[in-house]
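Observations on chain architecture
Residues per chain are reported as follows:
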Amino acid sequence: MYLIRAIIRPEKTNVVLEELMSAGFPAVTKMDVFGRGKQKGVKIGNIYYDEIPKEMLLIVCKEEDKDDLVKIIMKYARTGENGNFGDGRIFVSPVEEAYTVSTKKKEL
């Protein structure tokens, strides 16, 4: 199993979630996050914003679904044809164990 953490623009969240649902991946945890990437924030006029609002999607998936999930997120979270700074990042990590609280069952 793998954990996919996708940090994306808030305005792209709904379309990404819709596409994940359509592709058969309904289980997602979403949270509001703030941060900055390589661009080190944004200056608009005289105001400097060093923490930009983003959304983080957390998805646990089977190994055989990992690449499909990443492709869907990449396709629908990207702005413009060539993408732009601040479109986000995707991190993929192995999950050693997972449990369902209600049933106390270990998931593989």
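The sections below set out a description of the structure shown in this document. (Residues numbered from 1 in each chain as written. Predicted model: local features only at pLDDT ≥ 70, side-chain atom pairs only at ≥ 80, totals over all residues. Heavy atoms only, no water.)

1. As for the nonpolar core
- Judged by nonpolar contacts, the single largest core of 14 residues is most densely connected at Ile4, Ile8, Val16, Leu20, Ile59, Leu69 and Ile73.
- Of all the secondary structure elements, the ones that give two or more residues to this core are strand S1 (2–8), helix H1 (13–22), strand S5 (52–61) and helix H2 (66–77).
- The dominant element in this core, judged by the number of residues it contributes, is H2, at 5 residues.
- Setting aside its immediate chain neighbours within four residues, Val16 contacts Ile8, Leu57, Ile73, Tyr76 and Ala77. (Core = buried A, V, L, I, M, F, W, Y, C linked by side-chain atoms within 4.5 Å. Buried < 20%, exposed > 50% of the residue type's maximum accessible area, 1.4 Å probe, protein only. Helix = DSSP H or I, 4+ residues; strand = E, 2+ residues; numbered from the N terminus. Contact = heavy atoms within 4.5 Å.)

2. Considering unusual backbone geometry
- In this structure, Lys104 is a non-glycine residue whose phi angle is positive, near 65°.
- As for its placement among the helices and strands, Lys104 is situated in the loop between strand S7 (98–100) and strand S8 (105–107).
- Note on Lys104: relative accessible area 75%, which makes it exposed.

All we've got here are geometric facts, nothing functional implied.
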